[in-house]
Amino acid sequence: MDMSAAITWNKVDQYVTEKLIPHDTVLEQVLEANHNASLPPYDVSPTQGKFLNLLVQMKGAKRILEIGTLGGYSTIWMARALPADGHIVTLELDPRHAQVALANLKLAKVADKVELRVGDALEQLAQMEAEGVEPFDFIFIDADKPNNPHYLKWALQFSHAGTVILGDNVIREGEIINGRTEDPRVKGVQSFYELLAEESRITATAIQTVGSKGYDGFVIGIVY
């Protein structure tokens, strides 16, 4: 990566954040709590969090499924966009991460809108199906990339016509075009694209991004 470009990306992200995203002590405390708990630094950036928030508002979503909670930073951004009767189901594999996330959700005063389910996401999704959980309006996929194709299949299972599905980290610094990659994360994302291309129930596109999170991007689609 060109370090001068990366420095510029960071500076631009900081500029946009200062201009368009009001100072928020709670969100800063959440990121600090995640850091102090030694959670991996995979949280979305403030600009990306605000983007999620705006997408939820534009969709008018009342029910959200998030696959991959980590410390709950993105969860909070989305929960804040929900109406009073809105609800998020968020799935987290690691019990320690989930404990940090629950404390953060309480700090942000959105815990009443969030159902945090702990355990393997694929097992949780199967359990949700058995429970007859209703479809969601907005689904955010941001967990382990090798399972992205499986998460997409479940996302479609829990969708209705008009559901928005957003997948994060789908450019991988351009590695998605590497046909010889042995990286299971990249291969998972490549399979994710292949499934999107084949699946008639969803229309989607991908956007490349740069910023404080490096060179990556997201996929966004709408279910028919």
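Since we're looking at a predicted model, the values are computed, not measured.

Rules behind the numbers
- Residues numbered from 1 in each chain as written.
- Predicted model: local features only at pLDDT ≥ 70, side-chain atom pairs only at ≥ 80, totals over all residues.
- Heavy atoms only, no water.
- Axes fitted to C-alpha atoms, helices over the stretch in contact; angles between N-to-C directions.
- Helix = DSSP H or I, 4+ residues; strand = E, 2+ residues; numbered from the N terminus.
- Parallel < 35°, antiparallel > 145°, perpendicular 65-115°, else oblique.
- Left-handed = near helix turned anticlockwise from the far one by under 90°.
- Contact = heavy atoms within 4.5 Å.
- Nonpolar A, V, L, I, M, F, W, Y, C, P; charged D, E, K, R; others polar.
- Phe/Tyr/Trp six-rings, centres within 6.5 Å; stacked < 30°, edge-to-face > 60°.
- Buried < 20%, exposed > 50% of the residue type's maximum accessible area, 1.4 Å probe, protein only.

**Observations regarding the packing of helix H6 (residues 121-131) against helix H7 (residues 148-157)**
Two measures define how a pair of helices packs: the angle their axes make with one another and the distance between the axes. Packing of H6 against H7 brings their axes to within 11 Å, and their N-to-C directions diverge by 20°. When the interaxial angle is binned, H6 and H7 end up roughly parallel. Crossing hand, H6 versus H7: left-handed. Listed contacts from H7 to Ala 121, Leu 122, Leu 125, Ala 126 and Glu 129 of H6 are His 150, Tyr 151, Trp 154 and Gln 157. Partitioned by chemical class, the residues of the contact of H6 with H7 number 6 nonpolar, 2 polar and 1 charged.

**Notes on the packing of aromatic side chains**
A complete count under the given rule lists 4 aromatic pairs for this structure. Arranged with centres 6.5 Å apart and planes meeting at 85°, the rings of Tyr 73 and Trp 77 form a pair that is edge-to-face. Of this pair, Tyr 73 and Trp 77 both sit in helix H4 (residues 73-79), 4 residues apart, which is roughly one turn of the helix. According to the relative accessible area criterion, Trp 77 is buried, its value standing at 7%.

What is shown is where atoms sit, not what they do.
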